[in-house]
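Commentary on secondary and tertiary structure
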Amino acid sequence: MTPFQRDHTHSEEERHAKANDREYNERFCYADNRIKTSKYNIFTFLPINLFEQFQRVANAYFLFLLILQLIPEISSLSWFTTIVPLVLVLTITAVKDATDDYFRHKSDNQVNNRHSQVLIDGKLQNEKWMNVRVGDIIKLENNQFVAADLLLLSSSEPYGLCYVETAELDGETNLKVRQALTVTSELGADISCLAEFNGEVICEPPNNKLDRFSGTLFWKDNKYSLDNEKMLLRGCVLRNTEWCFGMVIFAGPQTKLMQNCGRTKFKRTSIDRLMNTLVLWIFVFLICMGIILAIGNSIWEYKVGSNFRIYLSWNEVLDDPVLSGFLTFWSYIIILNTVVPISLYVSVEVIRLGHSHFINWDRRMYYAKKDTPAEARTTTLNEELGQIEYIFSDKTGTLTQNIMVFSKCSINGKTYGDMYDELGRKIEVSEKTPAVDFSFNLLSDKKFKFYDHSLLEAIKIGEPTVHEFFRLLALCHTVMPEEKNEGDLHYQAQSPDEGALVTAARSFGFVFRARTPETITVYEMGEPVTYQLLAILDFNNFRKRMSVIVRNPKGQIKLYSKGADVILFDRLHPSNDDLMETTSDHLSEFAGEGLRTLALAYKDIDEDYLAQWLKKLHFASISFDNREECLSALYEEIEQNMMLLGATAIEDKLQEGVPETIACLNLANIKIWVLTGDKQETAMNIGYSCNILTDDMNELFIISGHTALEVQQELRKAKECMLGSSRDIGNGHTFSEKKKNSDSVFEETISGEYALIINGHSLAQALETDLERIFLDIACMCKTVICCRVTPLQKAHVVELIRKYKKAVTLAIGDGANDVSMIKTAHIGVGISGQEGMQAVLASDYSIAQFRYLQRLLLVHGRWSYFRMCNFLHYFFYKNFAFTLVHFWYGFFCGFSAQTVYDQWFVTLFNVVYTSLPVLAMGLFDQDVNEQNSMEHAKLYEPGQLNLLFNKHKFFICTVQGIYTSFVLFFIPYGAFADSVRGDGLHIMDQQSFAVTIATSLVIVVSVQIGLDTNYWTAVNHFFIWGSVAVYFSILFFLHSDGIFDIFPSQFPFVGTARNSLSQKSVWLVILLTTAVCVMPVVALRFLRIDLNPTLTDKVRHMQQARRKHRPLEHNLKRVRRTSSRRSAYAFAHQEGYGELITSGKNMKGTSHFSMTPGGRIQNSTSWIENLLKKRTDPTGADRTPKQQHQ
Amino acid sequence: MASKATSPKPVPFAKRPDNSAFKQQKLPAWYPALTAVTVLPFFFLTGLACILIGIWLFLTAAGIKQITVDYTQGGTCSLCSDLRKDRSQSLNSCECNVDFSLNENFTGDVFMYYGLTNFHQNVRFYMDSRDDAQLTGNENNLKNPSSLCAPFDKYKNGTPIAPCGAVANSMFNDTLRLFYKKDKNTQILVPFLNYGIAWYTDKHVKFQNPSPKNNLSAAFQGTGRPYYWQKTVYELDVQNSDNNGFVNEDLIVWMREAAFPSFKKLYRRLNCSQEFSNGLPLGNYSLLITYNFPVGNFKGRKSMILSTVSWLGGKNNFLGIAYLTSGAIITAVAVTMTVIHIKIGKKANVLED
């Protein structure tokens, strides 16, 4: 984009685009279809990158120091002491930025060079995407990506319909229908007609609203209004449509997709913030030291320096002690700046980058089925993964697979679905278990698996109840079939439960194949049977059941009903009592396994009664007042004295390992909140099956009030209930005592486990300012919180609430577009990858393929990252205090003249070369306990949540340690050498020898210290630690060598010092003593701490070491089976009124096309859901995405 | 993101991470731990070692003999001291002497040092005020001294100063001669050597005369002596051409700046010949000083130090005492830790599941 174009975009108020007229369109200078996500090119890289880098405070600060150093009166260090590390830092960052940008260039190129067929000069030509212009007409084929935002002109399907998948845009995987204007759809695939098409579109300027478009097409003196239903947006994929033609309206950066690619806001970790605070403190400390030394300098100049003029007659300017002090202040700022070294920031970045790669490389977070490894999408948040206190999880697609599987059933008092071995023991179904072979049935669903062979046998011998059971499943539902090719049958089910039941019936030989408003065609064991559909008695929340009344070909009229067991059992014929009891036992068993159950019943109806009833029904349905009551009374009337057939059990398939993961995270004291758009029943059911709700819980509070007052009362009640019981236990003392300490956080005092379930509409009230505190208090007192029917925005609000009041680190995990807001709000957002929708992943900081990997991500990677980062910072601050403060002590002996103790080269290289690698290796590889133990002992995670490993207190300790070390480093050599000579009588107390002695001691002391701090000595650590010491000596001798002095005598005045001082035994004795005095107290204190007050980490380490002598034991967390009371759930999520739509045929768009011939092409059925969705008006879910609606 | 579609059919496990020990963070490693078994013996051993070293150092230091003679105003020097306070008298020479006696024989190598107190050779501007390149005999720097030397780089008429800078300018220029009073009438001049008192590297690498090395007055042609010097750099030791000019060892010793404001620098070493073949015998001595170096302004002291050395260096008890103290403390801590460990600590480190 040239700047001119960019300006144009800003001012664009209305877009004019004429089809097939590039000349006309070029006048407006619209962006072409080339996208550019990269930031630099070869020429702009250096200036822009440098400019960006110097915007960081740290870099700017060092630049400032560099400038200070160029002033001769101030310069206490040579310019290279700052410029070498600075250049190094800038280079590393620049290389990283350049690599990132290179990959962006690459992906841009890849996208820009995709081919599409463009109509140019009356011919279809292959053209690269980037050369596509506004106004061009493009031909798209099935499964192709849409190249730009197009106005749909015509398609292969009748009425100019076409289907698109919008997963890339909004994460919704269901197909959407787009329809061209009738006038343009008549153009068809006629190239010449299309080439002559010269309509002009006038529409809104580019914007980022995915669901809105308004414009007008002017063609042949007519005006046609355009809306979003006629647009194909870039990023969509064309599905189920052979071809379509479209005219480009927005291209490249102006497409809605690109307009939506906003930069995610930069997240920072709490360690980052702490680090910034500490750096600020250090600056204050630095300034204090500077002031002390500057005052010292003024006094010295006044008292001593002035007497010294004959020898030290420097510039006249400096004769004034105050001015001299002022300049000295800046000189000391330069010298002491190494307390906050440049390399700190770079090292932190490098360590985080390394940790991110370890996440990417982890095979145990790689999901082979989808070929998806875990991915750290941001490299700056790793250590925060070790501090999570709250997890906010989406349900569908995250905890569950959103796959419902027909797993068990009870038919006429006999259960099917369990597998037993020869001894009658239950067998767990595994990959190897042989599944039932459905090959006899050509129409069976290949993906359907069932393991109990006895059920199929029962069907084959033609047991009537079993047949009736599956017939019911094939008839009693509101599913729409779709058959593209013969036998390729797909069901469009409003809820996955229904789909699962119909699919099961299909596989067992009762294939629901076609429906019209009046009939249902079922292939029963290969024979087509057409039933006449007489009535659908639809489901609603109150009825909790649905029924159909059909007439079979023999003329019998039957009512089939399925519904919640308690409801259905009340309406059974008394003769069913025995069967009811058995079935009831079975239902309890199913429920105990976390399955969703439904009871099935039928009833024979005689013709006369039905005729009467239908008449009444018709009358009721056209009446205006009390229509609902009338209808439900009629339904109630006919659904009586039914015969029980059995029950089904559907498994809402959890993602693998979810209960174990949750159990483990709970042990780690992480609170898990489930935020779902789903219904309360479904959410609770999943809550039970993943063990976040258990029957051991003392109380389960369900908040479902609609008004603020109701919600408040419900919350109050819950609070009283919790406090009441804890008062009883704590004799009333615990609560009142603890409350003084914290104003709202008193969850510790709550004894017993509670759960809170809150509905979306109640949540809306609870999140109001006056209620949010009480809601938060209660929610935090509960072990489990489930919010159902929440909108994406509410998800974000809940996360925000915790962030705001609890100061806790939050993590949000989800898979869909509806989780994006929450993912962006939480400290850390995790997206489930490998799914079709990408929005959550794109917005996330980490992406994993399975929920269960979260355990490893947090307990292993997060914990390690946090531990390593803390150790790193601890050591780093210590090291630099020890290094720098020697100058402070020296100030008192050198007239506060900002004379450095060390060689300038040592100052330059100390942080960058001599000590950087060992601490980096520690920061990258250290492990306090190994991964098995990290997972097994989830409690090890707690120090991170409580911020124990690095905080202001720890910082204070490392400061003190640093100061102590610098003191020892300075005063032991001072005592030993201030008045001494070499073994051969020559001098050793000169400044250069002193510098070498202290520098060598320092390097050895900090190396020993890093050795003490390293818990996990890999070969790399050994190499770096020993290597650094070796490198120190090599460089020392090199810099003090004759050769380099001969070349640059002014830069390397230390020639020979290393040889002359390090050859002395006394120097080594001093180094030895210094090291011992610096290190021994640390060892003693650490030993005593471990010995007297061992943390869990110490204990686990201890055990780990004891165990290492034996083979490591692999521990498996056995799946905890829940013993639970029976909770039947009619978990259909659909709304009232669908049955009516089916019977009226309104939803069957284009009924004329609807082919009744079995195996014929059935079209347009995909769109019926769309129609339903449009009809539905749900006041609470106005901004909810459709994906949630049919969960 | 959209690039997925055009990429070729995915290879199974294409994105599976490598199963290397490095990438899976399973590198073989050593887990050191601070356990009682390792820490306590280590402490005892270290403590013991420190005590032993301390005793050894202490004994070594006790064997070194050293005497310090402060001659700032001692003996007859107070007159000279007063004279030197007056800068206008700086060209008038002044000699004085200080008598002292050795109570024991200084056997072996004996070194004579001059000591200065309160002289800040370590002040930044002073330390920087030198040109190492010039001191290597570099032709260019000889004629154009580094600006760091200012204001001691050039005379007002532009003549460069060699050696330049405040350090060289303030070189110690007292002459010390020691007389041994064998008896009341006989005074023997104790023979001292003025070479072999600087580091080998300084003498041969860091300091080099400009060429032509055999004709120093020609080599230093066009340069002037430092302001405070009474003679030029090539007149420092006219007897010994190897000890003249920039390689004069008195200059080299002075140019190696002390780290602290009170320091001693090697002045001469005893020439072990005649009566002094075994060092300095006990008896009375007289130190004759040509008193040039003014210290009165900054309240400094000047002294002459005679010392023998050991392998450890000069007389210094600090290191021995420091080792003894540290050893004692470490041992005490070791004992305490052992007691604590046995009494309380033993059971704490067990993981109760």
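Starting from 1, residues in each chain are numbered consecutively following that chain's sequence as written. The lettering of chains begins at A and the numbering of ligands begins at 1, in the order of writing. Since the coordinates come from a predicted model, pLDDT governs what is reported: local features require at least 70, and pairs of side-chain atoms require 80 or more to be given and counted, while whole-chain, interface and lining totals use all residues. In computing side-chain values, all of the structure's heavy atoms are included and hydrogens and water are not.

Structural notes on the overall build of chain A
- Think of it this way: any DSSP run of H or I at least four residues long counts as a helix, any run of E at least two long counts as a strand, and we number them from the N terminus. A count of helices and strands for chain A gives 43 helices and 34 strands.
- A simple rule labels every residue: compare its accessible area, found with a 1.4 Å probe on the protein chains alone, to the largest value its type can have, and call it buried under 20%, exposed over 50%, or partly exposed in between. By residue count, 60% of the 1191 residues in chain A fall in the buried class.
- Summarising the internal contacts of chain A: among those between residues at least 6 apart in sequence, 74% fall at separations of at least 24.
- Values of accessible area rely on a 1.4 Å probe in the Shrake-Rupley scheme; residue burial ignores everything except the protein chains shown. When the accessible surface of chain A is summed, it comes to about 46,700 Å², and 57% of that surface belongs to carbon and sulfur atoms. Two residues form a contact once any of their heavy atoms are found within 4.5 Å.

Comments concerning the packing of aromatic side chains
- Classification of ring pairs rests on two measures: the distance between centres of Phe, Tyr or Trp rings, Trp counted by its six-membered ring, which must be within 6.5 Å, and the angle between planes, read as stacked under 30 degrees, edge-to-face over 60 and tilted in between. Under the counting rule described, the total for this entry stands at 98 aromatic pairs over all chains.
- Seen in terms of ring centroids, Y40 of chain A and F45 of chain A are 5.0 Å apart; in terms of plane orientation they differ by 90°. Their pairing is edge-to-face. In terms of burial, Y40 of chain A and F45 of chain A fall into one category: buried.
- Through a chain of ring-to-ring contacts, the aromatic side chains of F888, W889, Y890, F892, F893, F896, F967, F970, F971, Y974 and F994 of chain A together with F260 of chain B assemble into a single cluster.
- In this analysis the charged atom, NZ for Lys or CZ for Arg, is taken to sit over a ring once it is within 6 Å of the ring centre and within 35 degrees of the ring normal. One cation-aromatic arrangement involves R114 of chain A over F145 of chain A; the distance from NZ or CZ to the ring centre is 5.2 Å.

Things to note about a negative patch on the surface
All names here are of chain A.
- Exposure above 30% relative accessible area and the absence of a salt bridge qualify a residue for a patch, where like charges join within 9 Å and nonpolar side chains (Val, Leu, Ile, Met, Phe, Trp, Tyr) within 5 Å. By convention in these notes, a salt bridge is any Lys or Arg side-chain nitrogen within 4 Å of a carboxyl oxygen on Asp or Glu. None of His or the chain ends enter the tally, which takes Lys and Arg as positive and Asp and Glu as negative. Every charge is mapped onto a representative atom, which is NZ of Lys, CZ of Arg, CG of Asp or CD of Glu. Where like charges cluster on the molecular surface, the negative patch consists of D577, D578, E581, D585 and E589.
- Secondary-structure assignment places E589 in helix α17 (residues 577-592).
- According to the relative accessible area criterion, E589 is partly exposed, its value standing at 34%.

Focus: the UniProt feature "transmembrane region" (unreviewed entry) in chain B
Residues and elements named next belong to chain B.
- UniProt positions are given in the numbering used here, feature names are shortened, and annotations may be inferred rather than shown by experiment. Within this numbering scheme, the UniProt entry marks residues 33-59 and 318-340 as carrying the feature "transmembrane region" (unreviewed entry).
- For residues 33-59, the helix share is 89%, the strand share is 0%, and the end-to-end C-alpha distance is 38 Å.
- With 100% helix and 0% strand, residues 318-340 has its two end C-alpha atoms placed 32 Å apart.

Let's talk about the state of the cysteines
All names here are of chain B.
- Two cysteine sulfur atoms form a disulfide, by the criterion used here, when they sit within 2.5 Å. Summed over the entire model, instances satisfying the criterion amount to 3 disulfides over all chains.
- One disulfide in the model links C77 with C96; its S-S distance is 2.0 Å. On the sign convention where negative is left-handed, the bridge of C77 and C96, at about 85° about the S-S bond, is right-handed. Here C96 lies in strand β3 (residues 95-102) and C77 lies in helix α2 (residues 77-85), a separation of 19 residues in the sequence.
- According to the relative accessible area criterion, C77 is buried, its value standing at 0%.

Details of the sheet that holds strand β6 (residues 175-181) of chain B
Residue and element names in this part refer to chain B.
- With antiparallel pairing, 4 strands are arranged side by side in an open sheet as β3-β11-β6-β7. Of all the strands in the sheet, the pair left with one neighbour each is β3 and β7 (187-189). When strand polarity is set aside, the average angle formed by the axes of neighbouring strands in this sheet is 30°.
- Paired strands, in this sense, are two strands between which DSSP finds at least two bridges. As paired elements, β6 and β7 share 3 bridges and run antiparallel to each other. Along β7, the bridge assignment pairs K181 with Q187.
- Of the strands in this sheet, β3 and β11 (283-290) touch α2, which is tilted by about 140° from β3. To define axes, lines are fitted to C-alpha atoms, for helices over the stretch in contact only, and angles between the resulting N-to-C directions are given on a 0 to 180 degree scale.

Describing the interface of chain B and chain A
- Contacts between chain B and chain A engage 108 residues on the former and 120 residues on the latter.
- Two parts lose some accessible area (1.4 Å probe) when they are put together, and adding that loss for both gives the buried area. Both faces combined, the contact of chain B with chain A buries some 9,900 Å², and carbon together with sulfur accounts for 64% of it.
- For the interface between chain B and chain A, the tally reads 2 salt bridges.
- Between R256 of chain B and D990 of chain A there is a salt bridge, with its nearest N and O atoms 2.7 Å apart.
- Under the rule applied, a polar contact is a pair of N or O atoms within 3.5 Å (in protein, one hydrogen donor and one hydrogen acceptor; residues adjacent in sequence only if both atoms are side-chain atoms). For the interface between chain B and chain A, the tally reads 33 residue pairs in polar contact (both at pLDDT 80 or more).
- Mapped by element, the contributors of at least two residues to the side of chain B that touches chain A are β1 (29-30), α1 (36-62), β5 (110-117), α3 (124-128), α4 (132-135), α7 (200-206), β9 (263-270) and α10 (318-343) of chain B.

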